[in-house]
Amino acid sequence: MSPRLVPAGSDSTGRRDRPLRISVDGEPADGIEGQTLAGVLLASGRTAWRTGPSGAARGVFCGIGVCFDCLVTVNDDRDVRACLRRAVDGDVVRTQTRAHHRPQAGPQAEEAK
């Protein structure tokens, strides 16, 4: 998957772009009707939007809905595969994390008990 978008005037299919806007963690991201959420996220400069259990950043890996690396929350629906879901004007997207939180060490950890 690539963030590259062929301008409508140069596209031999004669498509007509209809713009849309979603929000991602409160920030606007612009796209075109028909793009997947992953396409809109990539085109807006985001290459990762989830944190895996190890804390590593995750985004699109397979791009066909097999690997589950591109999971996001859309309009309060968790675990939506961004590579499969078409963006809809007004979607509210939130990034997700599966990172394991490590217990604090030191005096603050003792006070928290």
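Residues numbered from 1 in each chain as written. Predicted model: local features only at pLDDT ≥ 70, side-chain atom pairs only at ≥ 80, totals over all residues. Heavy atoms only, no water.

Undergrad: Even after reading the chapter, I still don't get the overall build of the protein chain, so can you show me in this structure?
TA: Scanning the protein chain from N- to C-terminus turns up 2 helices and 8 strands. Moving toward the C terminus, one meets the helices and strands of the protein chain in the order β-β-α-β-β-β-β-β-β-α. Residue burial in the protein chain is summarised as follows: out of 113 residues, 30% are buried. The contacts of the protein chain with a sequence gap of at least 6 include a subset with a gap of at least 24, amounting to 38%. About 7500 Å² of surface is accessible on the protein chain, with carbon and sulfur atoms providing 50% of the total. (Helix = DSSP H or I, 4+ residues; strand = E, 2+ residues; numbered from the N terminus. Buried < 20%, exposed > 50% of the residue type's maximum accessible area, 1.4 Å probe, protein only. Contact = heavy atoms within 4.5 Å. Areas by Shrake-Rupley, 256 points an atom, 1.4 Å probe, with all protein chains shown as cover.)

Undergrad: Quick question: what am I supposed to make of the sheet that holds strand 8 (residues 96–97) here?
TA: Either a parallel or an antiparallel arrangement is found when strands of a sheet pair, and the pairing is made through backbone hydrogen bonds. The strand order across the open sheet built from 3 strands is 4-3-8, with neighbouring strands paired in mixed fashion. Because the sheet does not close on itself, it has two edges, and the strands there are strand 4 (57–58) and strand 8. In the sheet, strand 3 (residues 50–51) pairs with strand 4 via 2 bridges, with the strands oriented antiparallel. The residue bridging Arg-50 from the neighbouring strand is Arg-58, located in strand 4. (Pairing = 2+ DSSP bridges.)

Undergrad: Just to check I follow, could you spell out the pairing of strand 2 (residues 27–32) for this structure?
TA: Every other side chain in a regular strand lies on the same face of the sheet, so the side chains alternate between the two faces. As judged from the 6 bridges shared by strand 1 (residues 19–24) and strand 2, these two strands associate in the antiparallel manner. When the sheet's bridge partners are listed, Arg-21 is paired in strand 2 with Asp-30.

Undergrad: Would you take a moment to explain the pattern of salt bridges for this structure?
TA: Side chains that differ in sign of charge can pair as their charged atoms come close. This structure, assessed with the given rule, holds 7 salt bridges. Linking Arg-18 and Glu-33 is a salt bridge whose minimum nitrogen-to-oxygen distance equals 3.2 Å. Linking Arg-18 in the segment before strand 1 with Glu-33 in the loop between strand 2 and helix 1 (37–43), this pair joins segments that are 15 residues apart in sequence. Between Asp-30 and Arg-21 there is a salt bridge, with its nearest N and O atoms 2.6 Å apart. According to the relative accessible area criterion, Asp-30 is partly exposed, its value standing at 45%. A residue is classified by how much of its surface remains accessible, and Arg-21, at 45% relative accessible area, is partly exposed. (Salt bridge = Lys/Arg side-chain N within 4 Å of Asp/Glu carboxyl O.)

Undergrad: It is not clear to me how the confidence of the model for the protein chain should be interpreted in this structure. Could you clarify?
TA: Do not read the fine detail of predicted coordinates wherever pLDDT is low. Here the protein chain averages 85 in pLDDT, while 82% of its residues score no lower than 70. Across the protein chain, element-level confidence peaks in strand 7 (residues 92–94) with a mean pLDDT of 97 and bottoms out in helix 2 (residues 107–112) with 52. (pLDDT = per-residue confidence, 0-100.)

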